[in-house]
Amino acid sequence: MMNKQDQLAIDTIRALSIDAIEEANSGHPGLPMGAAPMAYTLWTRHLNFNPKSKDYFNRDRFVLSAGHGSALLYSLLHVSGGLELEELKQFRQWDSKTPGHPEFRHTDGVEVTTGPLGQGFAMSVGMAMAEHHLAGKFNQPDNDIINHYTYVLASDGDLMEGISHEAASLAGHTGLNKLVVLYDSNDISLDGKLDKAFSEDIKMRFESYGWEHILVEEGNDIEAIDAAIAKAKSSEKPSIIEVKTIIGYGAPTKSNSNASHGAPLGEDERRATFEHYGLDPDKRFYVPERVYEIFNETMIARANDNEQIWNDKLAQYKNAYKELGEELELAISGKLPQGYEKTLPKYELDHSGATRADSGEIIQVLSQYVPSFFGGSSDLASSNKSNVKEATDYDKSHPEGKNVWFGVREFAMGAAINGMAAHGGLHPYGATFFVFSDYLKPAIRLSAIMGVNATFVFTHDSIAVGEDGPTHEPVEQLAGLRAIPNLNVIRPADGNETRVAWKVALESDQTPTALVLTRQNLKTLDVPEAKLEEGVRKGAYIVYESDNFEYLLLASGSEVNLALDAAKALEKEGKGARVVSMPNWHAFEQQTDAYKEEILPPSITKRVGIEMAASLGWHKYVGLNGKVISVDTFGASAPGDLVVEKYGFNVDNVLKEIKTMS
């Protein structure tokens, strides 16, 4: 089934993984030991990828969805020249390039951050969608400039997660034939035998989604694995190759057992395993020179040749298709067209609109002037105002289309957007109701960890949703998202703040953005354009103040208008107030202390925070003596205006709270 040099390379990869885990006294050896043959076959015979050439855009993407098996990926990166051996010796240690789970932008050769099971699988669907869309948009009959595969190594755990069902359904429906999943089917999970919790027929399941299912009955049969990958690459469907493996292969007492899943083998078992492989147990982190040569002669030589061929094709493409060539180069760079922002709508004082509707108008313009703009909604486009009216829908037959129908698959949508952003060439977005952000929050969190340019559009942002009641009225979601590090959560107060919010979203190359938008109409703020632009970018700014003000009224979104009305009512009573719009707390926290104190003077202690959401977080800004007019219970079903009134979001109640501080 394999010759001696293949066996040597595979066992060396296994041994490196075991040694890294033993050195750290932490990790998951079972997957690397069982899955090494399929990974080796993919990397040496098929994968178009050089870890030292991360800017090669037409490379294949490899995603280790089963991120707990990271030692396998690091071992592969080492033998292929992308990672120093010393880094394997520092596995799971402070400041190493080999963290416990693979991290995007931290280790060259890691395409996305994985570990939370199922998300790597789903992000790979987004990557395949990106390739599919870009190929449909740029490829010409004489030049297929975009043409690469997305390969995934997934585990039983990945396929148990609900997100895998959503993502697989989307991939099959879309016909992503450049997506190939290698399924490490070892019938063992962390707690024990898989049949305690999982007994579905993978073949029937994936075929029902519209996938190709290919079975490899022996995980050490690299010729069968090679043939299966070749068959998958020729399929018109996404493919899953189910490879029957033995977890912890070669360990005399811990193989085919959960004992090898998530803990080091221990020295005695390690030595016995090495002897089973025919390796010297006294040699730690040892790589025979022939193993390096194998990867250089196969994988690296192939990738370098393909990259040179592609660079020549790119030069020919740019010469033959000048405008498309310039657009492709801009997309690959991740940059925005110069002057795109000048085309965005600006709203006059007589305008009154829901920020979801204003966002919808902005999306139409962005789609026209930012060619890399690509996205859609989870079956709520008519409510989210997220579809481009003049654009074709993206689907199997129209990969060049711009409107993505994600279906009622919020979590898969979020992960797919992350995959698109990590792939490059696109500025992706996805939309749903704000209350459903809970369904995709793990994807938003991973987006923030990776630092990708992903935009999440959330409409129907508060109890003003009204008749749909508490199940559809977000309360705790703002606080929850604001707690995520490296995430812009922007809740604009009018159309002009929404315009700047979209600019921030598209320009933030290492910080994803959540736009939180209203269903109800809002009056346009009377603020000079330059001041508003700077203020939104800095996260908080002064929109109004009376002479000799003694109160600070702080708000975001629709409540800024309420704060303004309350400030003007106070003036009639001879009292002054400053109104501060705080659309983006994350950005505000990045500002200097001097700016923060300029906006929120420490000397002014009479402060009121106004927001139709949970109060959590506001006390940082209003202080222990301040007041927060908020929603610390669930909503109610009634007309939106009535719900808002009943919950105290009116001028009379704001004045009542202010007077308790007098």
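Computed from a predicted structure; not experimentally measured. (Residues numbered from 1 in each chain as written. Predicted model: local features only at pLDDT ≥ 70, side-chain atom pairs only at ≥ 80, totals over all residues. Heavy atoms only, no water.)

Student: So what exactly am I meant to see when it comes to the overall build of the protein chain here?
Tutor: Helix and strand counts for the protein chain stand at 25 helices and 21 strands. Judged by the C-alpha coordinates and their principal axes, the protein chain covers about 90 × 60 × 45 Å. Here the protein chain, with 662 residues, has 63% of them falling under the buried criterion. By sequence separation, contacts in the protein chain at least 24 residues apart represent 77% of the contacts at least 6 residues apart. By element, 47% of the accessible surface of the protein chain is carried by carbon and sulfur atoms, the whole surface being about 25100 Å². Across the protein chain, the centroid of the 63 positively charged side chains sits 3 Å from that of the 94 negatively charged ones. (Helix = DSSP H or I, 4+ residues; strand = E, 2+ residues; numbered from the N terminus. Buried < 20%, exposed > 50% of the residue type's maximum accessible area, 1.4 Å probe, protein only. Contact = heavy atoms within 4.5 Å. Areas by Shrake-Rupley, 256 points an atom, 1.4 Å probe, with all protein chains shown as cover. Lys, Arg positive; Asp, Glu negative; His and termini not counted. Charge placed at Lys NZ, Arg CZ, Asp CG, Glu CD.)

Student: Would you mind going over the domain arrangement of the protein chain with me for this structure?
Tutor: Quite often, the size of an interface is put as the accessible area lost when its parts meet. For the protein chain, the assigned domains are domain 1 (4–304), domain 2 (340–523) and domain 3 (539–660). Distance from the C-alpha centre of domain 1 to the C-alpha centre of domain 3: 51 Å. (Domains from an automatic or database assignment.)

Student: What is the right way to look at the UniProt feature "site: Important for catalytic activity" (unreviewed entry) in the protein chain in this model?
Tutor: The positions that UniProt labels "site: Important for catalytic activity" (unreviewed entry) are, in the present scheme, His28 and His261. Judged by maximum C-alpha separation, these annotated positions cover 234 residues in sequence but sit close together in space, the widest gap being only 5.4 Å. Beyond its immediate chain neighbours, meaning those up to four positions away, histidine 28 contacts Ile21, His68, Gly69, Arg92, Ser260, His261 and Gly262. By the element assignment, histidine 261 lies in the loop between β7 (239–244) and α10 (267–277). (UniProt positions renumbered as here; feature names shortened; annotations may be inferred.)

Student: Just checking my understanding: could you explain the nonpolar core for this structure?
Tutor: Taken as a class, soluble globular proteins show a tendency for nonpolar side chains to be buried jointly. By size, the foremost hydrophobic cluster in this structure holds 75 residues, and its most contacted members are Leu366, Trp502, Leu553, Leu554, Met582, Ile610 and Phe649. Tallying contributions element by element places helix α20 (residues 559–572) first for this core, with eight residues. The two domains that each donate at least three residues to this core are domain 2 (340–523) and domain 3 (539–660). Residues within four places of phenylalanine 649 in sequence aside, it is in contact with Ile463, Glu559, Leu562, Ile610, Glu611, Met612, Ile629, Ser630, Val631 and Val644. Counting residues in hydrophobic clusters, the runner-up holds 74 residues, among them Leu179, Tyr209, Val404 and Leu481. (Core = buried A, V, L, I, M, F, W, Y, C linked by side-chain atoms within 4.5 Å.)

Student: Whenever I open this one, the pattern of salt bridges confuses me. Can you help?
Tutor: Two side chains that carry opposite charge are able to pair once their charged atoms sit near each other. Taken as a whole and assessed by the stated rule, the structure comprises 36 salt bridges. With a shortest N-O distance of 2.4 Å, glutamate 200 and arginine 205 are connected by a salt bridge. Given a relative accessible area of 34%, glutamate 200 falls into the partly exposed group. Relative accessible area serves as the criterion here: at 9%, arginine 205 is assigned to the buried category. In this structure, the salt-bridge partner of lysine 596 is glutamate 589, at a minimum N-O distance of 3.4 Å. (Salt bridge = Lys/Arg side-chain N within 4 Å of Asp/Glu carboxyl O.)

Student: What is the right way to read the sheet that holds β7 from this model?
Tutor: Two strands in a sheet stick together by hydrogen bonds in their backbones, pointing the same way (parallel) or opposite ways (antiparallel). Taken together, five strands build an open sheet; the order of strands is β1-β2-β3-β7-β6 and the sheet is parallel. What marks the edges here is a single partner per strand, and that holds for β1 (61–64) and β6 (212–216). Neighbouring strand axes in the sheet, compared pairwise and without regard to direction, differ in orientation by 20° on average. As judged from the four bridges shared by β1 and strand β2 (residues 150–155), these two strands associate in the parallel manner. Paired with valine 63 across the bridge in β2 is valine 152. With respect to the sheet, helix α5 (residues 119–138) is in contact with β1, β2 and β3 (179–185), its orientation differing from that of β2 by roughly 165°. (Pairing = 2+ DSSP bridges. Axes fitted to C-alpha atoms, helices over the stretch in contact; angles between N-to-C directions.)

Student: Which parts of the structure should I look at to understand unusual backbone geometry?
Tutor: Peptide bonds are mostly trans, and most non-glycine residues show a negative phi. Positive phi is not limited to glycine here, since aspartate 187 has a value of about 65°. Take aspartate 187: it is sitting in the loop between β3 and β4 (188–189). The exposure class of aspartate 187 is partly exposed, given its relative accessible area of 39%. Although it is not a glycine, aspartate 379 adopts a positive phi angle of roughly 70°. Among the structural elements, aspartate 379 can be located in the loop between β9 (373–377) and α14 (381–384).

Student: Would you explain the packing of helix α2 (residues 30–45) against helix α9 (residues 222–233) in this entry?
Tutor: Relative orientation and spacing of two packed helices are given, respectively, by the angle between their axes and the distance between those axes. Direction vectors running N to C along α2 and α9 enclose 55°, while the axes themselves pass 9 Å from each other. The orientation of α2 with respect to α9, classified from their angle, is oblique. Considering how the two elements wind past one another, α2 and α9 form a crossing that is right-handed. Residues Pro37, Met38, Tyr40, Thr41, Leu42 and Arg45 of α2 pack against Ile222, Glu223, Ile225, Asp226 and Ile229 of α9. Taken together, the residues that form the contact of α2 with α9 break down as seven nonpolar, one polar and three charged. (Parallel < 35°, antiparallel > 145°, perpendicular 65-115°, else oblique. Left-handed = near helix turned anticlockwise from the far one by under 90°. Nonpolar A, V, L, I, M, F, W, Y, C, P; charged D, E, K, R; others polar.)

Student: Sorry if this is basic, but what is going on with the side chain of aspartate 494 here?
Tutor: Note that aspartate 494 resides in the loop between β14 (488–490) and α18 (495–507). One buried charge, aspartate 494, has no salt-bridge partner; the nearest side chain with opposite charge is arginine 499, at 7.3 Å. From its side chain, aspartate 494 meets the backbone nitrogen of leucine 525 in a polar contact 2.8 Å long. Excluding its chain neighbours within four sequence positions, the residues that come into contact with aspartate 494 are Thr355, Asp358, Leu522, Lys523, Thr524, Leu525 and Leu532. (Polar contact = N/O pair within 3.5 Å; in protein donor to acceptor, adjacent residues only side chain to side chain.)

Student: Would you mind going over the sheet that holds strand β12 (residues 427–433) with me for this structure?
Tutor: Strand order in this open sheet of seven strands is β10-β11-β9-β12-β13-β15-β14, and the pairing throughout is parallel. One side of each edge strand has no neighbouring strand; the edge strands of this open sheet are β10 (393–394) and β14. Across four bridges, strand β13 (residues 455–459) lies against strand β15 (residues 513–516) in parallel orientation. Its bridge partner lying in β15, phenylalanine 456 is registered against alanine 514.

Student: Sorry, what's going on with the packing of helix α1 (residues 4–24) against helix α3 (residues 70–79) here?
Tutor: The contact between α1 and α3 brings their axes to 9 Å, and the two run at 120°. Our classification of the angle between α1 and α3 gives oblique. Relative to α3, the crossing made by α1 is right-handed. Along its contact with α1, which presents Ile13, Leu16, Ser17 and Ile21, the element α3 presents Ala71, Leu72, Ser75, Leu76, His78 and Val79. Tallied by class, residues from the contact of α1 with α3 come to seven nonpolar, three polar and no charged.

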